[in-house]
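Listed below, chain by chain, are the residues.
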Amino acid sequence: RKEVEQDPGPFNVPEGATVAFNCTYSNSASQSFFWYRQDCRKEPKLLMSVYSSGNEDGRFTAQLNRASQYISLLIRDSKLSDSATYLCVVNKPDSGYALNFGKGTSLLVTP
Amino acid sequence: DVKVTQSSRYLVKRTGEKVFLECVQDMDHENMFWYRQDPGLGLRLIYFSYDVKMKEKGDIPEGYSVSREKKERFSLILESASTNQTSMYLCASRPPGQVMSGELFFGEGSRLTVL
């Protein structure tokens, strides 16, 4: 079983829509969780960390359910500039600082 | 701003050649990583290093080795390149003691084609 699993999409949504991405991870010992964003032909960049209590950053809301080993990202009021691939990322418990990346979910926001 | 520089953006090599991919970071980070990214497979960890002369195998180390002689430089070596090593290679660095912060700083990537 892949350590981090995501629906690859693509998700095609109109501007202004709300879209949600889900992710599951297999190692219950994982301690830290993140969403990265990767634009076409660019390197991945940290979008936000995911905390147990849930957290928001503007239009973006991340949730973590440790019992279900499930992470989510909600994007409200989608913008054209949100079009990208969103990567669910989890630390590798046996290697401290290394991170496991999901394969990513592709989002296309259309006018 | 943190800068992670990968020496070559595009390389074309022949099967059996020895290939060096160089990565330099300018923020005195202890932790450095090499990933490869392939369509449908995502990013996969090849090797990482916590300090000079220290290295750890990631998930797919076969066919690769690394060198960390100086803190700022982490090199990925393909001893004998094969066509299945055609990929985008991404180097990243991370400050120490920030397991919870999660921010890896990536270079722009090196796209390697092995013919």
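Residues numbered from 1 in each chain as written. Chains lettered and ligands numbered in written order. Predicted model: local features only at pLDDT ≥ 70, side-chain atom pairs only at ≥ 80, totals over all residues. Heavy atoms only, no water.

**A few points about the interface of chain A and chain B**
Then, in step 1: Listed as interface residues are 21 residues of chain A and, on the opposing side, 26 residues of chain B.
Then, in step 2: Where chain A abuts chain B, roughly 1900 Å² becomes buried across the two surfaces, and 56% of that area is made up of carbon and sulfur atoms.
Then, in step 3: When residues of chain A are sorted by the area they lose upon contact with chain B, Glu43(A), Tyr97(A) and Phe101(A) head the list and together hold 32% of the total.
Then, in step 4: For the pair chain A and chain B, the number of links is 1 salt bridge.
Then, in step 5: Connecting chain A to chain B are 5 residue pairs in polar contact (both at pLDDT 80 or more).
Then, in step 6: At the level of elements, β4 (33-38), β5 (45-50) and β10 (99-101) of chain A are the ones that each hand at least two residues to the side of chain A that touches chain B.
Then, in step 7: Residues of the side of chain A that touches chain B, tallied by class, amount to 9 nonpolar, 7 polar and 5 charged. (Contact = heavy atoms within 4.5 Å. Buried area = accessible area lost by both parts, 1.4 Å probe. Salt bridge = Lys/Arg side-chain N within 4 Å of Asp/Glu carboxyl O. Polar contact = N/O pair within 3.5 Å; in protein donor to acceptor, adjacent residues only side chain to side chain. Helix = DSSP H or I, 4+ residues; strand = E, 2+ residues; numbered from the N terminus. Nonpolar A, V, L, I, M, F, W, Y, C, P; charged D, E, K, R; others polar.)

**Points about the pairing of strand β3 (residues 19-25) of chain A**
All names here are of chain A.
Then, in step 1: With burial as the criterion, only one face of β3 is covered, namely that bearing Val-19, Phe-21, Cys-23 and Tyr-25; the residues Ala-20, Asn-22 and Thr-24 on the opposite face remain uncovered.
Then, in step 2: Judged from the 3 bridges that link them, strand β1 (residues 4-6) and β3 form a sheet pairing that is antiparallel. The partner of Gln-6 across the bridge, within β3, is Cys-23.
Then, in step 3: Sheet topology note: the β3/strand β8 (residues 70-75) ladder contains 6 bridges and is antiparallel. When the sheet's bridge partners are listed, Phe-21 is paired in β8 with Leu-73. (Buried < 20%, exposed > 50% of the residue type's maximum accessible area, 1.4 Å probe, protein only. Pairing = 2+ DSSP bridges.)

**Quick notes on the sheet that holds strand β7 (residues 60-65) of chain A**
Consider a sheet: its strands pair through backbone hydrogen bonds, and that pairing is either parallel or antiparallel.
Residues and elements named next belong to chain A.
Then, in step 1: Across the sheet, 5 strands lie side by side as β1-β3-β8-β7-β6; this open sheet has antiparallel pairing. Because the sheet does not close on itself, it has two edges, and the strands there are β1 and β6 (55-57). Taking each pair of neighbouring strands and ignoring which way they run, the sheet shows an average axis angle of 20°. (Axes fitted to C-alpha atoms, helices over the stretch in contact; angles between N-to-C directions.)

**Overview of the side chain of Gln6(A)**
All names here are of chain A.
Then, in step 1: For Gln-6, the position within the fold is in strand β1.
Then, in step 2: One polar contact links the side chain of Gln-6 to the main-chain amide nitrogen of Cys-88, over a distance of 2.9 Å.
Then, in step 3: Polar contacts involving the side chain of Gln-6 include one to the main-chain amide nitrogen of Gly-104, which spans 3.0 Å.
Then, in step 4: Sequence-distant contacts of Gln-6, that is, excluding residues within four places in its chain, are made with Asn-22, Cys-23, Trp-35, Tyr-86, Leu-87, Cys-88, Gly-102, Lys-103, Gly-104 and Thr-105.

**Examining the nonpolar core**
Then, in step 1: If you look at the biggest cluster of nonpolar residues, it comprises 23 residues, and the most contacted ones within it are Phe21(A), Trp35(A), Ile71(A), Leu73(A), Ile75(A), Tyr86(A) and Leu107(A).
Then, in step 2: Listed by contribution, the elements that provide at least two residues to this core are β3, β4, β5, β7, β8, β9 (84-91) and β11 (105-110) of chain A.
Then, in step 3: If sequence neighbours within four positions are ignored, Ile75(A) has contacts with Ala17(A), Thr18(A), Val19(A), Phe21(A), Arg59(A), Phe60(A), Asp82(A), Tyr86(A) and Leu107(A).
Then, in step 4: Among the nonpolar cores identified, the runner-up in size contains 20 residues, and Val4(B), Tyr64(B), Ala81(B) and Tyr89(B) belong to it. (Core = buried A, V, L, I, M, F, W, Y, C linked by side-chain atoms within 4.5 Å.)

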